[in-house]
Number of protein chains: 2
Amino acid sequence: MDDDDSGSLDRLAARLLVQGSRFSRSMSRHTGEQRSLVAMRVLSNLLQDGPLRIGELAARELIAQPAMTTTVNRLEAEGLVFRGSDAEDARASVVTLTEAGSAVLMSFRARAAAIARPGLVQLADSDIAVLERAADLLEQLVRSISSR
Amino acid sequence: MDDDDSGSLDRLAARLLVQGSRFSRSMSRHTGEQRSLVAMRVLSNLLQDGPLRIGELAARELIAQPAMTTTVNRLEAEGLVFRGSDAEDARASVVTLTEAGSAVLMSFRARAAAIARPGLVQLADSDIAVLERAADLLEQLVRSISSR
DNA sequence: GTTGATATATACTCACGCTATGGATGATGA
DNA sequence: TCATCATCCATAGCGTGAGTATATATCAAC
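Just so we're clear, the structure is a prediction, and the values are computed from it rather than from any experiment.

The rules we used
- Residues numbered from 1 in each chain as written.
- Chains lettered and ligands numbered in written order.
- Predicted model: local features only at pLDDT ≥ 70, side-chain atom pairs only at ≥ 80, totals over all residues.
- Heavy atoms only, no water.
- Contact = heavy atoms within 4.5 Å.
- Buried area = accessible area lost by both parts, 1.4 Å probe.
- Salt bridge = Lys/Arg side-chain N within 4 Å of Asp/Glu carboxyl O.
- Polar contact = N/O pair within 3.5 Å; in protein donor to acceptor, adjacent residues only side chain to side chain.
- Helix = DSSP H or I, 4+ residues; strand = E, 2+ residues; numbered from the N terminus.
- Near = heavy atom within 4 Å.
- Nonpolar A, V, L, I, M, F, W, Y, C, P; charged D, E, K, R; others polar.

A. The arrangement of the interface of chain A and chain B in detail. In this complex, chain A contributes 59 residues to the contact, which on the side of chain B involves 60 residues. Taking both partners together, chain A and chain B bury about 6100 Å²; carbon and sulfur atoms supply 70% of that area. The largest share of the area that chain A buries against chain B comes from Leu17, Arg22 and Phe23 of chain A, three residues that together contribute 12% of it. At the junction of chain A with chain B, the criterion picks out 10 salt bridges. Residues Arg15 of chain B and Glu132 of chain A are paired through a salt bridge, measuring 3.5 Å at the closest nitrogen-oxygen approach. Linking chain A with chain B are 14 residue pairs in polar contact (both at pLDDT 80 or more). Every element with two or more residues in the side of chain A that touches chain B is listed here: α1 (2-31), α2 (37-49), α3 (54-61), α5 (99-121) and α6 (125-146) of chain A.

B. The protein's contact with DNA strand C, seen in detail. Surrounding DNA strand C, one finds 24 residues, the nearest of these being Ala64 of chain A together with Arg29, Gln65, Arg83 and Arg91 of chain B. The protein-proximal atoms of DNA strand C, defined as those within 4 Å of the protein, are 66% sugar or phosphate. Contact distances for DNA strand C include 2.6 Å between a phosphate oxygen and a backbone N or O atom of Ala64 of chain A. When residues of the surface near DNA strand C are traced back to their parent elements, those giving at least two are α4 (65-77) and β3 (89-97) of chain A together with α1 (2-31), α3 (54-61), α4 (65-77) and β3 (89-97) of chain B. Among the elements that take part in the surface near DNA strand C, α4 of chain A stands out by supplying four residues, more than any other. Partitioning the surface near DNA strand C into residue classes produces 10 nonpolar, six polar and eight charged.

Dropping the structure here:
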């Protein structure tokens, strides 16, 4: 049983990785969004949690700090975020979402939703519940992975 | 009710996209795998379905054909796949998994599993079942999205 | 057998990740 | 106080991987 269990858990992990990445690729591709998924997740972070430092954003999105600097540069050039200085630490620069940035994020979400909706509405309520719970669990798994 | 439902479906779609992409990013990052997730998915496709054409692989992974040519070039240079000619169509080139490619894929899956396992073993059986079902549903959603 | 469609490869550009490193600021302790 | 070390971010340089446009070979249809 133990062997069986760990075997099936391993297969589950591999499947989640493959299907999760394919799903995000598919969705972002079909939205026609030019910006990267990391850029969208940055906007999402800022909307949810307010202004954040470059380093904090990099840590959350699991990319190196210079890559986040580049991403923020691009977002700033487009007027979707702006940099401010941190009152508590002059080294840090704090990234804040603009109205335009919020609008871009909302538009992206709406397009993603429009693409997924036809597939989602065909699902039974129980399957919708499964996906809701799965989103929670994935978030939890990411935290559990990062904290080691 | 209708408004509520479509609103919550839309939020679900956005969350699945964000969490799904973050999860795959996290996993692939922590495996230390140098190759791209697309490369891994190509190997996975070949293992599951046998030899496939370049164009078919590109379509499945939602990347343009030249990008898939490049990916296959790299995999071939590493000896993980080889190109053959299609008996039925001399224009096509058929990509086949090698033993080495299969081994690389298995190793990747094992590493991914090792990373996810500590998080997974803490979950209740019902949550494991949720994730299993969610992987199915995501696969189904991708197909439903692509077919339009 | 000529024409048009299709499968792949090549050329070129850009986005985006990484490491290494530098400059500015914060924190620590003699 | 000031010297030292750590930390935060930016810059530089590099490689991968995605895109479009286009060339080449082959198939299909008339």
